[in-house]
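Here is what each chain is made of, one letter per residue.
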Amino acid sequence: MSDARPSEAKKKSGKKAGAMKPLSGIDPVALSQNRVVIEAVEPMIDGGRFAVKRTENEDLVISADIFCDGHEKIAAAVVYGETGADRWSEEPLVFVDNDRWQATIRFARPGPYRYSIIAWRDVYATWRDEAKKKLDAGKLTDLELTEGRELVDAAQEADRGGSKEKKALAKVSERLKKAAEQKDATAQYSLLTSEETIALLDVAGHRTNLSRFEVDVPVWVDRTAAAFSAWYELFPRSQSGDTQRHGTFDDVIQRLPDIQEMGFDVLYFPPIHPIGKTNRKGKNNTLTPDEGDPGSPYAIGSKDGGHKALHPELGDFDDFARLIETAGSHGLEIAIDFAIQCSPDHPWIKEHPEWFDWRPDGTIKFAENPPKKYEDIVNVHFYRGALPSLWYELRDTFLFWLDKGVRIFRVDNPHTKAFPFWEWVIAEVRKVDPGAIFLAEAFTRPKVMKRLAKVGYNQSYSYFTWRNEKAELAEYLTELTTEECAEFMRPNFFVNTPDINPVYLQTSGRPGFRTRLALAATLGGNYGVYSGFELCEFLPVPGKEEYLNSEKYEIRAFDWKADGNIREDIAFFNRLRRREAALQDFRSLAFFNFWNDQVLYYGKRTADRSSYLLFMVNLDPRHAQGGHFEVPLWEFGLGDDASIEAENLVSGQAMTWHGKVQHWWLDPQQCPYAVFKLTLPAT
């Protein structure tokens, strides 16, 4: 039947061909519109439901499988632009291999963007290819040249290109006509295949069977600080240097040069709001506070106000404004904790009881994580009577602090709040400031963490804090940098937090602190430390990953330059991070062979290899470790017996490594890490 001529098909079917209708309901004409196949587009998150993430001027490499029936040449391009813009830019896709095509684009400033892919049958490229083959075989005829001239003539009627291109095509057409009248085949072929004519038809020629990928893929572009930052966390109330005097914002200002000296660029505070008195916690989380105990700053709200107020003992908004301004002059941006939980004294409870859960006996339901019960905290809920009024109140709270100069928010336990709320509120805030940054403090299940990143969080806490062994570190970092989550989730490697005093730090001494610093600062684009880390503070609550005498429940005083500190290590890595472009690309991470399971060995590089760093970190804080390792000569196009220059950036020692296999030794009592910069030998 399929080989029958039309008249025979009509006779056998007994129906008029013109009266045929599709039995499936699929219109064959409409189906044929996208003749060129565009599939397996990457990156794209959940079919375009969520945005791919990049920072300003960061490469976005787009690839897709693109092909068509028949043997004609095809062409393709990425079309992209700001969401809602009338006109988009276009970047040609380049054939890679096996019907895979690729292009690289960038976005100049933060905000929402989209991209898609178009492809078409390139009949002019097909003509050139076939004409070349016939010319080489001595069989190029006037008929082929006539077809080429017709393509140029038709391009003048296409709805592409401007008047400049149309005029240039007209001149080419006139020259072709004259050459044809003179029967000069050589001149016609040369003109039809010239770079000028090819370029004109690329801009103004017909795109036959133009097809478009069915999805406009969303891309969210962040400012650089979302992907590359070094955080320092402190409690403002502990900055007075006196346990008997509550610290103020002015005390924090006095510490700014000290923090700048270590090289941090984000200064982060736990909640700075009024603290409730009902069920206030005492030292070490006891239920029997003394009269002067300050309570947990996470019990937010008192007669002095709630989430839009400052704890009075810290200072007023003039003081806070002065802190923001002075911090900026020291290269520091202020981040604050956005913790939605409330003290039983919070004004919201009386003003909006519908935002809270109540028990049958009329008492409010306290926060619980059985068997734990947080008597000083109650939680809001996000649905029922709280929707939408609570949502708008929380949005306005973000905007309130944005107006006060805060653009970075570390959000406490976002995984226990409504995912739809986060997607909505982050979008709302970004309408006001696309550069706002949200860090999700969600030590929870992997898919939950990733969902928070998808709905808008710029940074995410991670499992780094508990990854100590070589194999688990390599496995986890490979997941974060090479799997799909690398397109939307940016981890922030905190070495410790006020809530987490890791067992490794409790038991490893000063070498262990240096080890974890080296890993966090060089593996992660974002990393952070909680103050006291530089002093190797480790004293735990027995049997728990918690700090004894925690600042969450009392005012502490520290000698910030006490003997045994690791401030120089911190300053070294922060200087290195700013200086070396390789450290500013989280996804450039690669692990290499070091034949010792106690040494993690990895590299980071720029695409042009102008910044190429190797890191060796001894994971054993008690014993020296060493072994043979591979120098990645292949990354420079060198053979296994070649030589390369290496500078030890810790000691300043310069050396030449001859051959792929070398040996190194790391004594944790001296320095548990080594950093090398590789460069090609001078020629």
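Residues numbered from 1 in each chain as written. Predicted model: local features only at pLDDT ≥ 70, side-chain atom pairs only at ≥ 80, totals over all residues. Heavy atoms only, no water.

Draft legend 1. Layout of the overall build of the chain. On a plain count of helices and strands, the chain comes out with 17 helices and 28 strands. Seen along its three principal axes, the alpha-carbon backbone of the chain occupies a region of about 105 × 70 × 50 Å. Relative to its full complement of 683 residues, the chain shows a buried share of 53%. Considering only residue pairs separated by 6 or more positions, the chain has 74% of its internal contacts joining residues 24 or more positions apart. Per element, the accessible surface of the chain, about 31700 Å² overall, is 50% carbon and sulfur. Of the charged side chains in the chain, 86 are positive and 103 negative; the average position of the first set lies 5 Å away from that of the second. (Helix = DSSP H or I, 4+ residues; strand = E, 2+ residues; numbered from the N terminus. Buried < 20%, exposed > 50% of the residue type's maximum accessible area, 1.4 Å probe, protein only. Contact = heavy atoms within 4.5 Å. Areas by Shrake-Rupley, 256 points an atom, 1.4 Å probe, with all protein chains shown as cover. Lys, Arg positive; Asp, Glu negative; His and termini not counted. Charge placed at Lys NZ, Arg CZ, Asp CG, Glu CD.)

Draft legend 2. Region of the structure containing the UniProt feature "active site" (unreviewed entry) in the chain. Following the UniProt record, the feature "active site" (unreviewed entry) maps to Asp-412 and Glu-441 here. Spatially, the listed residues are clustered: although they cover 30 residues, their C-alpha atoms lie within 5.4 Å of one another. Considered against the largest pocket, the annotated residues that line it turn out to be Asp-412 and Glu-441. Here Asp-412 lies in strand β16 (residues 408–412). (UniProt positions renumbered as here; feature names shortened; annotations may be inferred. 1 Å grid on protein atoms, 1.4 Å probe; cavity = no way out; pocket = protein on both sides within 12 Å on 5 of 7 lines; lining within 4 Å.)

Draft legend 3. The pattern of salt bridges, seen in detail. Tallied over the entire structure, the rule returns 45 salt bridges. Here Arg-514 makes a salt bridge to Asp-569, at a shortest N to O gap of 2.8 Å. You can see Arg-514 sitting in helix α16 (residues 509–523) and its partner Asp-569 sitting in helix α17 (residues 567–579), a full 55 residues away along the chain. Here Arg-514 matches Asp-569 in class, with each residue buried. With its nearest N and O atoms 3.0 Å apart, the salt bridge here joins Glu-580 to Lys-677. With Glu-580 in the loop between α17 and β21 (590–591) and Lys-677 in strand β28 (residues 673–679), the pair connects residues that are 97 residues apart, well separated along the chain. We note that Glu-580, like Lys-677, is buried. What you see here is one network of salt bridges that share partners, running through Arg-255, Asp-258, Glu-261, Lys-561 and Arg-567. (Salt bridge = Lys/Arg side-chain N within 4 Å of Asp/Glu carboxyl O.)

Draft legend 4. Broad picture of the sheet that holds strand β22 (residues 599–605). Taken in spatial order, the 6 strands line up as β21-β22-β23-β28-β25-β26 in an open sheet, and their pairing is antiparallel. Only two strands of the sheet have a single neighbouring strand rather than two, namely β21 and β26 (654–658). Examined bridge by bridge, strand β23 (residues 612–618) and β28 share 5 bridges and lie antiparallel to one another. Among the inter-strand pairings, Phe-615 is bridged to a residue of β28, identified as Val-675. Seen against the sheet, α16 touches β21, β22, β23 and β28 and runs at an angle of roughly 25° to β22. (Pairing = 2+ DSSP bridges. Axes fitted to C-alpha atoms, helices over the stretch in contact; angles between N-to-C directions.)

Draft legend 5. Molecular detail of the pairing of strand β6 (residues 94–97). Across 3 bridges, β6 lies against strand β7 (residues 100–105) in antiparallel orientation. The residue bridging Asp-97 from the neighbouring strand is Arg-100, located in β7. Between the end of β6 and the start of β7, which pair antiparallel, lie 2 residues, with Asn-98 showing a positive phi angle near 50°.

Draft legend 6. Local environment of the UniProt feature "binding site: alpha-maltose 1-phosphate" (unreviewed entry) in the chain. UniProt marks Lys-281, Gln-341, Asp-376, Asn-413, Lys-552 and Tyr-553 with the feature "binding site: alpha-maltose 1-phosphate" (unreviewed entry), using the numbering shown here. Restricting the annotated residues to those that line the largest pocket leaves Lys-281, Gln-341, Asp-376, Asn-413, Lys-552 and Tyr-553. Mapped onto the elements of the fold, Lys-281 is located in the loop between β12 (266–269) and α9 (317–329). Ignoring anything within four residues of it in the chain, the contact list for Lys-281 reads Thr-286, Leu-287, Pro-289, Asp-293, Gly-295, Glu-375, Asp-376 and Tyr-553. By secondary structure assignment, the location of Tyr-553 is in the loop between β20 (526–530) and α17. Since its relative accessible area comes to 11%, Tyr-553 is described here as buried. Side-chain polar atoms of Tyr-553 contact the side chain of Asn-285, separated by 3.3 Å. (Polar contact = N/O pair within 3.5 Å; in protein donor to acceptor, adjacent residues only side chain to side chain.)

Draft legend 7. Broad picture of unusual backbone geometry. The omega angle of the peptide bond from Glu-42 to Pro-43 is -5°, so this bond is cis rather than trans. Relative to the helices and strands, Pro-43 resides in the loop between β1 (37–42) and β2 (52–55). Put simply, Leu-387 and Pro-388 share a cis peptide bond, and its omega is 10°. Mapping Pro-388 onto the fold places it in the loop between β15 (372–378) and α11 (389–403). For Asn-279, which is not glycine, the phi torsion reads 60° and is therefore positive.

Draft legend 8. Structural view of a negative patch on the surface. Negative charge collects at one region of the surface, where Glu-130, Glu-147, Glu-150, Asp-153 and Glu-157 lie side by side. Examining the composition of the negative patch, we find that 3 residues originate from one element, helix α4 (residues 142–155), more than from any other. Within the secondary structure layout, Glu-130 lies in helix α3 (residues 123–136). (Patch = residues over 30% accessible without salt bridge, like charges linked within 9 Å, V, L, I, M, F, W, Y side chains within 5 Å.)

Draft legend 9. Spatial organisation of empty space enclosed by the protein. Overall, the coordinates contain 2 cavities of 30 Å³ or more when judged by the stated rule. Taken as a whole, the largest cavity holds about 100 Å³ of empty space. A breakdown of the residues in the lining of the largest cavity according to their chemical character gives 8 nonpolar, 3 polar and 1 charged. Quantified by volume, the second largest cavity comes out at close to 40 Å³. Lining the second largest cavity are Phe-228, Ser-229, Ala-230, Gly-263, Asp-265, Asn-574, Arg-577 and Arg-578. In terms of residue count, α17 provides more of the lining of the second largest cavity than any other element does, 3 residues in total. (Points joined across faces, edges and corners; volume = space filled by probe spheres on them. Nonpolar A, V, L, I, M, F, W, Y, C, P; charged D, E, K, R; others polar.)

Draft legend 10. The packing of aromatic side chains, seen in detail. Within the structure shown, the criterion is met by 50 aromatic pairs. For the ring pair Phe-400 and Trp-401, a centre distance of 5.2 Å and an interplane angle of 85° mean the geometry is edge-to-face. Here Trp-401 falls in the buried class, since its relative accessible area comes to 0%. An aromatic cluster of three or more residues is present, and its members are Phe-338, Phe-382, Trp-391, Tyr-392, Phe-398, Phe-409, Phe-421, Trp-422, Trp-424, Phe-438 and Tyr-457. (Phe/Tyr/Trp six-rings, centres within 6.5 Å; stacked < 30°, edge-to-face > 60°.)

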